[in-house]
Amino acid sequence: MRAYFLFTKTVLALTLCAMLSACGYNEFQRLDEQANADAKELLNQYKRRDDLVPNLVATVQGEASFEKDTLTKVIEARAKATSIQVSPETLNNPEALKKFQSAQGELGGALSRLMVVSERYPTLNANQGFSDLRVQLEGTENRIALATNRYIKSVQNYNVLVRSFPSNLTAMAMGYKTKEGFTVDNEAEIKKAPRVNFGNP
Amino acid sequence: MSMRFTLGVFLWVHLLASWVHADTSLKTIPDYHAHVTDMARVLSAADRVALEKQLADFETQHGSQIEVLIVPSTGQEDITEYTQRVGDRWKLGRQGVGDGLLVVVAVNDHRVRIAPYRALEAAIPDVLAKRIIDKNMVPAFRQGDYAGGLRDALQSLQTAILSGEQPVATGSEASQKTWEAQIQKIWENFVGPALVAGFLAFLGLSAIRQFLSRFFSQSLAALITAVLGAMVCWRLSSNVWFSGLILVLGYFSRLKYESHNRPISRESGHGVFRSGNTDSQPEAISGGGGDSAGGGASGRW
C-alpha cells in the first residue's frame, strides 16, 4: 500500500534523524557555528585596532621630536597586517592563519613599543586626544585578548567533539576535521629570558 | 573495614588539598543578589539604600541594568580579568537585549572598572568610561567618599545611556536567525540528500531484490541486495551513514512489493501476518527493529 510505503519511509527517516542526533551531528553544527562566530568577533577586534592606528600615528606625528624608528615600525606593521585579507573560512587554513597571526602580533608589538616610548614625551601625555587613543587602544587590546580566548575555547570544544567517541564516527563519516586553533604568536620571545638594560634605553 | 578507612582518609586529604589549593588561586565571585554588593563594607547603610534606589529606579524606567560590586581586593588577578569573570557569571541586562553594566571597585587595590556589556558599548565607549572614572570617581575615592563618587559616576553613566542610542532587542532575533540557518544547513547538507538518495535507492534496490529472488530464497535475496547496495555505496562515497542506510533499505526493499501484492488483505484488516515464507520473519525483526520491521516480516512472495 502506498500509505504503508510512506509510513515505512517516514519511520526510516525518523530513525535516521535519531541516529544522527545521537551521534552528535547537530552538536557539530552548533560548535562549528560557535567557532565561526568567535572567529568573526576576533577578526572584528583586530580590524578595530587596525582602524585606530592611523589616528594614533597622526597624533604622535604632531610631536615633532618623536622617535622616527618606532613610528615607522608601527606604520609598516599596520600596512602589512591590513594587506592580509582574512575571513573566518580562511582561518581554517593553517598557513593563512599563521601569516595573519604573525602580522597581527608584529603590529601588537610595535604598538606596545610605541606606547612605552610615548611615556617619555610629557606634551604627548598631556594631550587629551592622545590619552583618549591610549584608552581606546587598551580597550581594544583587552577585547582582542578576550576574543582570542573565546575562539581558542570554542575551537577546543569542536576538536574534542571531533576526537571523542562516538561523535568521532560522525566526524569520520562527514569528513569533519579538527580546526587549527590560535597559538601564542610570540612563543620564541616569551621563552627567552627578559633582558633588563638600565643603561641606554 | 580498614580498606574503607584508608579510602576515607585518602578522600579527606584529597578534599583538603583541593580546598587549600583553591584558596591560593583566583578570588571567588560573590553571588548576585542586589544592585549594590558591598563586600568591602565602605558604604553606610543609608548610602547603600540610596544607590540601590538610584539603580532600581533606572532599571524599572529604562530597562538597562547597572550593578555595583565593591570588593577589598581582586587578588592576583588584574581588575580587568576579575570584572570579566564577574560579568560572565552574572550575565546582566535584559534577556534578548543584554544591556547590562558592571562597576567594580577594588578598595585596597585602588582600582575601579566600568564594564558595559556589548549592547551598551555604543552608548558608553571606552573613552567615556575613562572620563567618568577620572572626573567623578577618582577625586571622590581619593578622599574616601565612595558613596559620593559612585553616585556621580552612576548619574553620568545613566545620562550617557539615555542620550546614546537606545539598545534594542536583537538577541532573540539573531538567535532565531542562526537557528533557521542551522535547520537549513542540516536540511541542505544531510536530510534532503539523504531522503532523495534513500528514495531512489529504495526503488533501485527493490528492483534488484525482485530480480535476485528468482534465484534465491526471499530472505537471502534481501540480504544479498542489502550487502551489495551497501558495498557499492561505500565504494562510491565511503560514507558510513549512507552505506548503513542503504544496508537497511536494501533489506527492507521487499516492503514495497509486499504491499503491492496484497492490498485487500491489508485493507480488510486480517491476515496481516500471512503464513508463507516463515523463515524471513525473525530476520526482518532483527534487521529493522521498529514497527515497520514487524509489518514487513510476513514476506508473502
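Note that the structure is predicted; figures quoted are calculated from it, not measured.

### A word on helix α6 (residues 128-163) of chain A
Between its first and last C-alpha atoms α6(A) spans 52 Å; for 36 residues at 1.5 Å apiece the expected length is 52 Å, and the two agree. Its side-chain oxygen at 2.8 Å from the backbone nitrogen of A:G129, A:N127 defines the N-terminal cap of α6(A).

### Considering the packing of α6(A) against helix α7 (residues 167-174) of chain A
Residue and element names in this part refer to chain A. Two elements in contact, α6 and α7, have axes separated by 5 Å at closest approach and are oriented at 90°. If you check the angle between α6 and α7, you find them roughly perpendicular. Touching L161, V162 and R163 of α6 are S167, N168 and A171, all from α7.

### Comments concerning a nonpolar patch on the surface
Residue and element names in this part refer to chain B. Taken together, the side chains of F211, F215, F216, L220, L223, V227, M231 and L247 make up a nonpolar region of the molecular surface, amounting to roughly 750 Å² of accessible area. Tallying contributions element by element places helix α7 (residues 218-237) first for the nonpolar patch, with 4 residues. Tracing the backbone shows L220 in helix α7. The partly exposed category is assigned to L220, whose relative accessible area is 39%.

### Some words on the side chain of A:K179
Residues and elements named next belong to chain A. Here K179 lies in the loop between α7 and α8 (187-191). The exposure class assigned to K179 is buried, which follows from its relative accessible area of 12%. At a separation of 2.7 Å, a polar atom in the side chain of K179 contacts the side chain of D32.

### Details of the packing of aromatic side chains
If you walk through the whole model with that rule in mind, you get 5 aromatic pairs over all chains. Ring centres of A:F28 and A:Y158 lie 6.0 Å apart, and the angle between their planes is 75°; this geometry places the pair in the edge-to-face category. With A:F28 in helix α2 (residues 25-61) and A:Y158 in helix α6, this residue pair connects regions lying 130 residues apart in the sequence. What makes A:F28 buried here is its relative accessible area of 1%. Relative to B:Y146, the ring of B:F141 has its centre 5.1 Å away and its plane inclined at 45°; by these criteria the two rings are tilted. Residue class for B:Y146 comes out buried when judged on its relative accessible area of 13%. One aromatic cluster is present, built from ring pairs that chain together A:F28, A:Y158 and A:Y176.

### A look at helix α2 (residues 45-62) of chain B
All names here are of chain B. If you check α2, its first and last C-alpha atoms are 26 Å apart, about what 18 residues at 1.5 Å a residue would give, namely 26 Å. Every buried residue belonging to α2 is among L51, E52, Q54, L55 and F58, and all of these are buried. The buried residues of α2 occupy an angular sector of 160° when the element is viewed end-on, so they sit on one face. Turned more than 90 degrees away from the buried face of α2, the exposed residues are A45, A46, V49, K53, T60 and Q61. Lining the buried residues of α2 we find β1 (36-38), β2 (65-71) and α5 (146-163). Just downstream of α2 lies G63, where phi reads positive at about 95°.

### Details of the nonpolar core
Of all hydrophobic cores here, the largest spans 35 residues; its most connected members are A:L56, A:L91, A:L111, A:L114 and A:F182. Of all elements in the fold, only α2, α3 (68-83), α4 (94-118) and α6 of chain A reach the threshold of two or more residues within this core. Look past the residues within four positions of A:L111 in its chain and what remains in contact with it is A:R49, A:V53, A:L56, A:V74, A:L137 and A:E141. Judged by nonpolar contacts, the second largest core, of 30 residues, contains B:F58, B:V105, B:A123 and B:L154.

### Some details on the pairing of strand β4 (residues 111-116) of chain B
All names here are of chain B. As judged from the 6 bridges shared by strand β3 (residues 100-106) and β4, these two strands associate in the antiparallel manner. In the strand pairing of β4, V103 is matched with I114. Connecting β3 to the antiparallel partner β4 that follows it, the hairpin turn spans 4 residues, and H110 within it adopts a positive phi of roughly 60°.

### Concerning the sheet that holds β3(B)
Residues and elements named next belong to chain B. Overall, mixed pairing links the 4 strands, which are arranged β1-β2-β3-β4 in an open sheet. With partners counted over all chains shown, the strands left at the sheet margins are β1 and β4, one partner each. Neighbour-to-neighbour, the strand axes of the sheet open up by a mean angle of 10°, direction not taken into account. Where β1 lies against β2, 3 bridges are found, and the strand directions are parallel. Its bridge partner being in β2, D38 is matched across the sheet by I70. Strand contacts of helix α4 (residues 126-142): β3 and β4, with the helix running at about 145° to β4, the strand carrying the most contacts.

### Some thoughts on the packing of α4(A) against α6(A)
Residue and element names in this part refer to chain A. Two elements in contact, α4 and α6, have axes separated by 12 Å at closest approach and are oriented at 145°. As α4 packs across α6, the resulting crossing turns out to be left-handed. Judged by residue contacts, L111, M115 and S118 of α4 engage F130, R134, L137 and E141 from α6. Partitioning the contact of α4 with α6 into residue classes produces 4 nonpolar, 1 polar and 2 charged.

### Some points on the environment of A:P166
Relative to the helices and strands, A:P166 is located in the loop between α6 and α7. Separated by 142 residues in sequence, A:P166 and A:G24 place their C-alpha atoms 8.0 Å apart.

### Some words on the pattern of salt bridges
Across all of its chains, the model carries 20 salt bridges over all chains by this definition. With a closest N to O distance of 2.7 Å, A:D32 and A:K179 form a salt bridge. Pair noted here: A:D32 is in helix α2 and A:K179 is in the loop between α7 and α8, with a separation of 147 residues, a long-range link. As far as the burial class goes, A:D32 and A:K179 line up, both buried. One salt-bridge network, held together by shared partners, links A:R143, B:E121 and B:D126.

Parameters at a glance
- Residues numbered from 1 in each chain as written.
- Chains lettered and ligands numbered in written order.
- Predicted model: local features only at pLDDT ≥ 70, side-chain atom pairs only at ≥ 80, totals over all residues.
- Heavy atoms only, no water.
- Helix = DSSP H or I, 4+ residues; strand = E, 2+ residues; numbered from the N terminus.
- Expected span 1.5 Å × (residues − 1).
- Polar contact = N/O pair within 3.5 Å; in protein donor to acceptor, adjacent residues only side chain to side chain.
- Axes fitted to C-alpha atoms, helices over the stretch in contact; angles between N-to-C directions.
- Parallel < 35°, antiparallel > 145°, perpendicular 65-115°, else oblique.
- Contact = heavy atoms within 4.5 Å.
- Patch = residues over 30% accessible without salt bridge, like charges linked within 9 Å, V, L, I, M, F, W, Y side chains within 5 Å.
- Areas by Shrake-Rupley, 256 points an atom, 1.4 Å probe, with all protein chains shown as cover.
- Salt bridge = Lys/Arg side-chain N within 4 Å of Asp/Glu carboxyl O.
- Buried < 20%, exposed > 50% of the residue type's maximum accessible area, 1.4 Å probe, protein only.
- Phe/Tyr/Trp six-rings, centres within 6.5 Å; stacked < 30°, edge-to-face > 60°.
- Arc of directions from axis to C-beta.
- Core = buried A, V, L, I, M, F, W, Y, C linked by side-chain atoms within 4.5 Å.
- Pairing = 2+ DSSP bridges.
- Left-handed = near helix turned anticlockwise from the far one by under 90°.
- Nonpolar A, V, L, I, M, F, W, Y, C, P; charged D, E, K, R; others polar.

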